[in-house]
Each structure stands twice: as C-alpha cells, then as structure tokens.
Amino acid sequence: MKVVHHRKIEIMTLQLKVPNMACSACGETITKAVKAVDPTATVQADPKTKLVSIETQASETVVKQAITDAGYSVT
Ligand SMILES: [Cu+2]
C-alpha cells in the first residue's frame with residue numbers, strides 16, 4: 001500500500017515588537033515587507049503600542065529578517 005504524505009500548511013501568529021515604528025506609514029512599510037515574503041499574510045501594525053501581529057505561513061526568522069531589511073528593529 002502506498003502512503004501519500006500531504007504537506008500541511010501551518011499558519012502561525014507572530015507578535016513582534018517594533019520600537020522604531022513611529023507612524024502609520026511605518027506600519028504600511030512593515031506590512032508590505034511581510035507581504036513580500038508571504039502574500040497570504042495578514043498584518044496588523046499598531047504604531048501606538050509598537051506591536052505587529054502577523055498571521056503567516058512564513059517562519060519567524062524570515063519575517064523578522066524582512067522587517068529588519070525594511071529598516072526596522074524587532075525586539
Ligand atoms: Cu512612520
């Protein structure tokens with residue numbers, strides 16, 4: 001009997017703090033950077049709390065790198 005393994009798509013929710021997200025334009029830049037690595041991601045960025053909530057299939061490492069490359073720090 002042949003066993004077929006299906007690849008499971010795992011969606012993770014990441015909560016990241018981005019202290020130098022100063023305004024909503026920063027939030028949009030961060031959102032675009034995340035969507036560049038995962039177009040299906042949902043991103044909520046709040047410049048007041050500095051928190052970015054991301055639902056994504058991409059790994060935390062990849063997402064953090066994308067945000068860092070966009071010029072923001074992730075703590
Ligand atoms: Cu800004």
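Please read these numbers as outputs of a predicted model, since none were measured by experiment.

Visitor: I would appreciate a short explanation of the packing of helix α1 (residues 24–37) against helix α2 (residues 60–69) in the present structure.
Guide: The description of two packed helices rests on the angle between their axes and on the distance between the axes. Two elements in contact, α1 and α2, have axes separated by 9 Å at closest approach and are oriented at 135°. Taken together, the axes of α1 and α2 lie oblique to each other. By crossing handedness, the relation of α1 to α2 is classed as right-handed. For the pair formed by α1 and α2, the contact residues are Ile30, Ala33, Val34, Ala36 and Val37 on the first element and Val62, Val63, Ala66, Ile67 and Asp69 on the second. For the contact of α1 with α2, a count of residues per class yields nine nonpolar, no polar and one charged.

Visitor: Help me understand the environment of Pro47, please; the structure alone is not making it clear to me.
Guide: Mapped onto the elements of the fold, Pro47 is located in the loop between β2 (42–46) and β3 (51–56). You can call Pro47 partly exposed: it has 16 C-beta atoms within 10 Å. Taking C-alpha positions, Pro47 is 9.1 Å from Ala25, a pair spaced 22 residues apart along the chain. Among residues more than four places away in sequence, those in contact with Pro47 are Met21, Ala22, Cys23, Ser24, Cys26 and Gly27.

Here is what the cut-offs are and how they apply
- Residues numbered from 1 in each chain as written.
- Predicted model: local features only at pLDDT ≥ 70, side-chain atom pairs only at ≥ 80, totals over all residues.
- Axes fitted to C-alpha atoms, helices over the stretch in contact; angles between N-to-C directions.
- Helix = DSSP H or I, 4+ residues; strand = E, 2+ residues; numbered from the N terminus.
- Parallel < 35°, antiparallel > 145°, perpendicular 65-115°, else oblique.
- Left-handed = near helix turned anticlockwise from the far one by under 90°.
- Contact = placed C-beta atoms within 7 Å.
- Nonpolar A, V, L, I, M, F, W, Y, C, P; charged D, E, K, R; others polar.
- Buried ≥ 20, exposed ≤ 12 C-beta atoms within 10 Å, placed from the backbone.

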